[in-house]
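An overview of the molecular structure
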Amino acid sequence: MKFFLDTANIEKIKEAASWGILDGVTTNPTLVAREGKDFDTVVREILKIVEGPVSLEVISTDWKGMVEEAEKLASYGDNVVIKIPMTIDGLKATKILSSKGIMVNTTLIFSPAQALLAAKAGTAYLSPFIGRLDDISSYGMRLVEDIIQIIDNYGFECEVIVASVRHPMHVLEAALIGADIVTMPFEVLQKMIKHPLTDIGLERFLKDWEKMKG
Ligand code: E4P
């Protein structure tokens, strides 16, 4: 299972990369805007740190604009993946970009039908937003299960990125159903490490060691 960080924050990306478990990064306009820096600066900094796929999202909503933006972004590095929203223009742009060998991550997927269309258009990654579905009393992880089933049924060559992740249980559930990738905020990654019994256990081991010495 691959772990992506869902952030444009350089310090968090550096920290996760230093743990040796970071496979890639996803960003979106909200996350880049949050950093308060110029887009190009942020992107170039991320690409210096991350060797795996880095998803950068287009702002255009028409297919021609999306393709133009995507081509510029793709020139930043071989590991750049273009995030395209799940719209009709997004589908057209995906078909064009994928046939040119530019990798697409279809974002804002909220139904299995949308995922099927994006897969047919040749996307490399499907990003179902599970947290936002849970927020409106829908079962986000069910969507991931359905998408995995559809991909397996037809052998589509795309990977599922479980997105809009809110807590460690989302990561665990995604792992149990065999999702390829989870993209998560740094805070979720931090929470996955913690267990009070680990802290208590370590404290006790060290105390006992000190007693033996003294
Ligand atoms: C995914 O690629 C998106 O950037 C992200 O997961 C959205 O998450 P949110 O619903 O927490 O904004």
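Residues numbered from 1 in each chain as written. Predicted model: local features only at pLDDT ≥ 70, side-chain atom pairs only at ≥ 80, totals over all residues. Heavy atoms only, no water.

Points about the overall build of the protein
Basically, it comes down to this: To qualify as a helix, a DSSP run of H or I must reach at least 4 residues; to qualify as a strand, a run of E must reach at least 2; elements of each kind are numbered from the N terminus. For each residue, the accessible area found with a 1.4 Å probe, counting protein chains only, is set against the maximum for its type, and the residue is called buried under 20%, exposed over 50%, and partly exposed in between. We call two residues in contact whenever any of their non-hydrogen atoms come within 4.5 Å of each other. Surface accessibility in these figures is a Shrake-Rupley result with a 1.4 Å probe; residues are shielded only by whichever protein chains are displayed. Counted charges follow a simple rule, with Lys and Arg positive, Asp and Glu negative, and His plus the chain ends left uncounted. Just so you know, the charge point we use is NZ for Lys, CZ for Arg, CG for Asp and CD for Glu.
The secondary structure content of the protein amounts to 11 helices and eight strands. In the protein, buried positions account for 45% of the 214 residues. Contacts in the protein between residues at least 24 apart in sequence constitute 56% of all its contacts with a sequence separation of at least 6. Just so you have it, the protein exposes about 11,400 Å², and 56% of that area is on carbon and sulfur atoms. Positive and negative charge centroids in the protein, built from 23 and 30 side chains respectively, lie 2 Å apart.

Description of the packing of helix α1 (residues 10-18) against helix α10 (residues 186-193)
Put simply, the rule is: Every angle, taken between N-to-C directions, lies between 0 and 180 degrees, and every axis is a line fitted to C-alpha atoms, over only the stretch in contact when it is a helix. In this scheme, a crossing is called left-handed if the near helix is turned counterclockwise away from the far one by less than a right angle; it is called right-handed if the turn is clockwise. Throughout this entry, Asp, Glu, Lys and Arg are counted as charged residues, while Ala, Val, Leu, Ile, Met, Phe, Trp, Tyr, Cys and Pro are counted as nonpolar. The remaining residues, Gly among them, count as polar.
Running from amino to carboxyl end, α1 crosses α10 at an angle of 35°, the nearest separation of the two axes being 10 Å. You can see that α1 and α10 cross each other, and the crossing is left-handed. Between α1, through K12, E15 and A16, and α10, the contact on the second element is made entirely by F186, E187 and L189. Across the contact of α1 with α10, the residue classes tally to three nonpolar, no polar and three charged.

Focus on the pattern of salt bridges
Note the threshold: Any Lys or Arg side-chain nitrogen located within 4 Å of an Asp or Glu carboxyl oxygen qualifies as a salt bridge.
In the structure shown here, the tally under the stated rule is 11 salt bridges. A salt bridge links E71 to K100, with the shortest nitrogen-to-oxygen separation between them at 2.5 Å. Here the residue E71 occupies a position in helix α4 (residues 63-74), and K100 occupies one in the loop between α5 (88-99) and β5 (104-109), the gap between them amounting to 29 residues. Overall, E71 belongs to the partly exposed group, its relative accessible area being 33%. Here K100 falls in the partly exposed class, since its relative accessible area comes to 49%.

As for the packing of aromatic side chains
We describe a pair of aromatic rings using the distance from one ring centre to the other and the angle between the two ring planes. Selection criterion: Planes of paired rings set the category: under 30 degrees apart is stacked, over 60 is edge-to-face and the rest tilted, where pairs are Phe, Tyr or Trp rings (Trp by its six-membered ring) whose centres lie within 6.5 Å.
The full count for this structure, using the stated rule, is three aromatic pairs. Between Y154 and F156, the ring centres sit 6.1 Å apart and the planes meet at 50°, which makes this aromatic pair tilted.

Focus on the sheet that holds strand β2 (residues 24-26)
Stated precisely, the cut-off is as follows: What makes two strands pair is DSSP finding at least two bridges between them.
The eight strands are arranged β1-β2-β3-β4-β5-β6-β7-β8 in a closed barrel whose pairing can be described as parallel. Geometrically, the sheet is characterised by an average inter-axis angle of 30° between neighbouring strands, direction not taken into account. Looking at chain direction, strand β3 (residues 54-57) and strand β4 (residues 80-85) are connected through four bridges and run parallel. Each residue of the ladder has a partner; that of V54, found in β4, is V80. Helix-sheet contacts for helix α6 (residues 112-120) involve β5 and β6 (125-128), and the interaxial angle to β5 is about 165°.

Comments concerning the site of the ligand
The criterion, for reference: It suffices for a single heavy atom of a residue to lie within 4 Å of a molecule or strand for the residue to be listed as near it. Polar contact is the term for a pair of N or O atoms within 3.5 Å; when the atoms are in protein, one must be able to donate a hydrogen and the other to accept it, and sequence-neighboring residues count only if both atoms are side-chain atoms. Here a cavity means grid points, on a 1 Å grid over the protein atoms only, where a 1.4 Å probe fits yet cannot get out; a pocket means an open set of points with protein on both sides within 12 Å along at least five of seven lines; lining residues are those with an atom within 4 Å of a point. Cavities and pockets are treated as containing a molecule whenever more than half of the molecule's atoms lie within 2 Å of their grid points.
Neighbouring the ligand are D6, T26, N28, K83, F129, R132, A163, S164 and R166. Measuring from an oxygen atom of the ligand, one finds a side-chain N or O atom of D6 at 2.7 Å. One nitrogen or oxygen atom from the side chain of K83 is found 2.6 Å from an oxygen atom belonging to the ligand. Assessed atom by atom at 2 Å from the grid points, the ligand resides in the largest pocket.

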